[in-house]
Amino acid sequence: MSAKEKMPASADRLATEAETVIVGGGIMGLGIAYELAKRGRSDIHVIEQEYLTSGASGRNGGGVRMQWSTELNIRLMQESIEICRNFASELGINVWLRQGGYLFLIRSQEELGRMEQTVALQNRCGVPTRILTPQEALRIVPELHPKGFVAACYNPRDGVVFPWPFLWGYAHAASELGVHIHTYTKVTAIEARGPHSFVVTTSKGAIRCERVINCAGAWSPAIAKLLGIELPNHPHRHEILATESLKPFLNPLVSVLSSGLYFSQSMRGEIVGGITVPDVDDGQVHLGSRLRFLEMMSAELLSVMPCLSQVRVLRQWAGPYDVSPDGLPILGEPDAVPGFYLACGFVGHGFMMAPVIARHYAELLCGGPRHPVFDRCRLSRFQNGTSEKEVMIIG
Amino acid sequence: MSEKCIVCPCEDVTLADVEQAIGLGYLDIDEVKRFTGLGTGSCQGKLCMVTTCQLLQTAQSADSQRQARQPEAQKVPHPFTPRPPVVPVSLGVLAAGKGADRER
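Residues numbered from 1 in each chain as written. Chains lettered and ligands numbered in written order. Predicted model: local features only at pLDDT ≥ 70, side-chain atom pairs only at ≥ 80, totals over all residues. Heavy atoms only, no water.

(A) Up close: the overall build of chain B. A tally of regular secondary structure across chain B gives 5 helices and 3 strands. Secondary structure elements of chain B, listed N to C terminal, follow the sequence β-β-α-α-α-α-β-α. The C-alpha atoms of chain B give a radius of gyration of 17 Å, which is well past the 13 Å a tight globule of 104 residues would have. Considering only C-alpha atoms, chain B reaches an extent of 55 × 35 × 15 Å along its principal axes. Among the 104 residues that make up chain B, the fraction classed as buried is 48%. Relative to all contacts within chain B whose residues are 6 or more apart in sequence, the contacts with residues 24 or more apart total 55%. Accessible surface, chain B: about 5,400 Å² in total, of which carbon and sulfur atoms supply 58%. With 11 positive and 12 negative side-chain charges, chain B shows a separation of 7 Å between the mean positions of the two kinds. (Helix = DSSP H or I, 4+ residues; strand = E, 2+ residues; numbered from the N terminus. Rg over C-alpha atoms; globule rule 2.2 N^0.38 Å. Buried < 20%, exposed > 50% of the residue type's maximum accessible area, 1.4 Å probe, protein only. Contact = heavy atoms within 4.5 Å. Areas by Shrake-Rupley, 256 points an atom, 1.4 Å probe, with all protein chains shown as cover. Lys, Arg positive; Asp, Glu negative; His and termini not counted. Charge placed at Lys NZ, Arg CZ, Asp CG, Glu CD.)

Here is the structure:
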C-alpha cells in the first residue's frame, strides 16, 4: 500500500473485488464505512461522485435535536447527540458541537394544542422539552419580536455542529482503519449477478462485491434505478444563507414550524438559516440560488427578530433534501435484491441521524442486534400502508 | 515559515494549512475550501482565490496519478462556486423585496 493509498482524498486504484461497496461519500456513507471498519471489517470501498462534503452533508445548517413528533426519531436522536458529544475524543476532531437548545416558536392556539401532545411524548422519552410563555422565551432570546408568537417549545439539550469537520473526522478515521475512499468517481452501472453478488462499474473501473449500500442521498433513486428498483423518495432543493459575523448573542437555534424558518448563530458568529420555499421537484437535483429565497427568508427572519435588519448577508447556497413520503428514512434490503442495502430518504435530517444510524447499520451488517428502526423503515411499508408520519420537519 | 504566511486573512488560513490539505491529496479548490475553511469569511474568497489556484496548479501538475485517482475531477484549477450576493446586502433591503409573491 503506497502512502497515498491511505489518504482519504482518493485511493490510487479501485480493487477488482471487495466485500462492501458504499455509494455516496456523505456523512451516511462515511459513517457506515467507519463503523464497519471499527468492527474489524476490511475491503470497504466508498465511491463519491464529487468531493467529500459536496452533497447535503456539506450544505446543511448543522442542527442536532431531540424534538420530534415520533418516538422512533426522538429516541434515535437522543442516542445520536450522545455520540456527537463523544465525537471529538473518539475521532480526534473538533466538530464545534454547541448545545444551546432549540426554541420552536408557536403562532396559533391550534398549533399549541398539537405541540402539547408532542412535548408530552418527548417528556415520556426523557427529553426535557418545556412549553414556554412568550415572556419565558424572551428571557432566553430577548431579541425576539414579543408579538410574533403565543408560546414556544424549548429543549436546552438540542444543539448545532459544524458539518464540515464532522465529515473529515469520519473520512480520516475510516481511512486510518483501511477503508478505501474514491472521490470524483462516478458509479455508472450496477449489475446483480445473484444474491449477494454484484458488479459495480465506475469511471475508475469495475469492482465485484457481496454487498452494495446506497448512501447517495438525493441521488439514491437514480442509484437504485441502476438495479431496476423504483424508490419513492425524491430530491428537493433547500436554500440557506449566512450573514456576516456578529458578537455571540444567540444561544438556541430558533425555528418557526408554520413557515419552516430556522436560524442559529454559528461558532464563527454568523447567523445561518433557511426557510421552506416551494420548488418544482421534477426528480432532478437543483442547486441553483434564487433571489426569491433571500427575500422570503429575510422578511420572515426580520418578523421574528427585527433587530437584524442592518446585518448583511454574505452568501447563500442550496443543498438537496432527500424527501421520503412519510418523513421517515428508507433502510434495509428491498426483497427483490438481497445484498443491496438502502440508507436514504432522511428528509433534511440525515446529517444529525447519521451517527446513530451508522452505528446500528454496522451492528446489523456484522450480525449484531437488529434495531427496531430497520423493521419500521423498510421500503415495503409504502406498499403495505404506513402507520405514522413525522411532522416536525423544517424546510 | 509557511505557518506565518497567511493565504486567507479573513479566516486565518496559513500556507502551512493549505500545504497540509494538498499533502493529504486534496487538490481541488472545493476540497481545500471545505478542509481549511479558506474563502468563507467576510471577503468570500476575493483575497485568497488567486493564491490558492496558483498553489493548486503547481500541485496538480506535479501529480501524474491524479487523473487515475479522481477521474471526474476538473483538469485545471477553477474558482469557487460563485455564491450570491456579489456584495453583502442587508436583510432589511432584501426583506423589502416581494419574494413571497414573486414567480419562479
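From this point, the discussion proceeds with the structure in view.
(B) Just the overall build of chain A, in detail. Counting its secondary structure elements, chain A contains 10 helices and 18 strands. At 21 Å, chain A has a C-alpha radius of gyration in line with the 21 Å of a compact globule built from 395 residues. Taking the principal axes of the C-alpha coordinates as reference, chain A spans close to 65 × 45 × 40 Å. Across the 395 residues of chain A, 62% fall into the buried class. Residue pairs in contact within chain A that sit at least 24 positions apart in sequence constitute 73% of those at least 6 positions apart. Averaging the locations of the 37 positively and 38 negatively charged side chains of chain A gives two centres separated by 3 Å.

(C) Structural detail: the state of the cysteines. All names here are of chain A. Within this structure, the stated rule accounts for 0 disulfides over all chains. In this structure Cys366 is not part of a disulfide, and its nearest cysteine sulfur, from Cys215, lies 14 Å away. Classification of Cys366 as partly exposed rests on a relative accessible area of 29%. Cys377 takes part in no disulfide bond, and the closest cysteine sulfur, belonging to Cys344, lies 11 Å away. (Disulfide = S-S within 2.5 Å.)

(D) Layout of the environment of A:Ala152. Here A:Ala152 shows up in strand β6 (residues 151–155). Ignoring sequence-local partners within four residues, the contact set of A:Ala152 consists of A:Leu103, A:Phe104, A:Leu105, A:Ile106, A:Arg130, A:Ile131, A:Leu132 and A:Ala137.

(E) Looking closely at unusual backbone geometry. Looking along the chain, the bond that leaves B:Pro84 and enters B:Pro85 is cis, with omega of -10°. By the secondary structure assignment, B:Pro85 is in the loop between α4 (66–69) and β3 (89–90). Positioned with a positive phi, A:Trp96 is a non-glycine residue whose angle comes to about 55°. Although it is not a glycine, B:Asp12 adopts a positive phi angle of roughly 55°. Take B:Asp12: it is sitting in the loop between β1 (6–8) and β2 (13–14). B:Asp12 sits in the exposed class, given a relative accessible area of 56%.

(F) Spatial organisation of the pairing of strand β14 (residues 261–265) of chain A. Residue and element names in this part refer to chain A. Most of β14 sits out of view: 5 of its 5 residues are buried. Of the two faces of β14, both are covered, the one formed by Leu261, Phe263 and Gln265 as well as the one formed by Tyr262 and Ser264. In textbook terms, the turn of a hairpin is the stretch between consecutive antiparallel strands, and for strand β13 (residues 253–256) and β14 this stretch comprises 4 residues, one of which, Gly260, has a positive phi near 80°. Sheet analysis places β14 next to strand β15 (residues 270–274), joined by 4 bridges and oriented antiparallel. Paired with Ser264 across the bridge in β15 is Val272. Counting the residues that bridge the hairpin from β14 to β15 gives 4 residues, and of these Gly269 lies at a positive phi of roughly 100°. (Pairing = 2+ DSSP bridges.)

(G) Representation of the packing of aromatic side chains in the model. All names here are of chain A. According to the stated counting rule, one finds 14 aromatic pairs over all chains in the structure shown. Centroid distance Phe87 to Tyr170: 5.0 Å. Interplanar angle 85°. Geometry classified as edge-to-face. Highlighted residues: Phe87 in helix α2 (residues 71–91) and Tyr170 in helix α5 (residues 163–176), separated in sequence by 83 residues. Relative accessible area serves as the criterion here: at 2%, Phe87 is assigned to the buried category. (Phe/Tyr/Trp six-rings, centres within 6.5 Å; stacked < 30°, edge-to-face > 60°.)

(H) Up close: the packing of helix α1 (residues 15–23) of chain B against helix α2 (residues 29–36) of chain B. Residue and element names in this part refer to chain B. Relative to each other, α1 and α2 sit at 120°, their axes nearing to 10 Å. Classified by the angle their axes make, α1 and α2 are oblique. Where α1 crosses over α2, the two elements pack in a sense that is right-handed. Two secondary-structure elements touch here, α1 through Asp17, Val18, Gln20 and Ala21 and α2 through Val32, Phe35 and Thr36. In terms of residue class, the contact of α1 with α2 is built from 4 nonpolar, 2 polar and 1 charged. (Axes fitted to C-alpha atoms, helices over the stretch in contact; angles between N-to-C directions. Parallel < 35°, antiparallel > 145°, perpendicular 65-115°, else oblique. Left-handed = near helix turned anticlockwise from the far one by under 90°. Nonpolar A, V, L, I, M, F, W, Y, C, P; charged D, E, K, R; others polar.)

(I) Broad picture of the domain arrangement of chain A. By domain assignment, chain A separates into domain 1 (4–57 + 164–233 + 326–384) and domain 2 (100–159 + 236–319). The centre of domain 1 of chain A, based on its C-alpha atoms, is set 31 Å off from the matching centre of domain 2 of chain A. (Domains from an automatic or database assignment.)

(J) Just the packing of α5(A) against α2(B), in detail. For the pair α5(A) and α2(B), interaxial distance at closest approach is 8 Å and the crossing angle is 105°. Our classification of the angle between α5(A) and α2(B) gives roughly perpendicular. Contact residues: A:Trp164, A:Trp168 and A:His172 in α5(A); B:Glu31, B:Lys33, B:Arg34 and B:Phe35 in α2(B). In the contact of α5(A) with α2(B), the residues fall into 3 nonpolar, 1 polar and 3 charged.

(K) The arrangement of the interface of chain A and chain B in detail. Listed as interface residues are 47 residues of chain A and, on the opposing side, 38 residues of chain B. Taken as a group, A:Tyr184, A:Glu295 and A:Leu314 account for 18% of the area that chain A buries against chain B, more than any other trio of residues on that side. A salt bridge links B:Glu11 to A:Arg268; its shortest N-O distance comes to 3.4 Å. Elements with a contribution of two residues or more to the side of chain A that touches chain B: α5, β12 (234–245), α7 (291–304) and β16 (312–323) of chain A. Of the residues forming the side of chain A that touches chain B, the biggest block, 9 residues, is contributed by α7(A). Considered class by class, the residues forming the side of chain A that touches chain B number 20 nonpolar, 13 polar and 14 charged. Here β16(A) runs beside β3(B); their pairing, made up of 2 bridges, is antiparallel. For A:Arg312, the partnering residue across the bridge sits in β3(B) and is B:Ser90. (Buried area = accessible area lost by both parts, 1.4 Å probe. Salt bridge = Lys/Arg side-chain N within 4 Å of Asp/Glu carboxyl O.)

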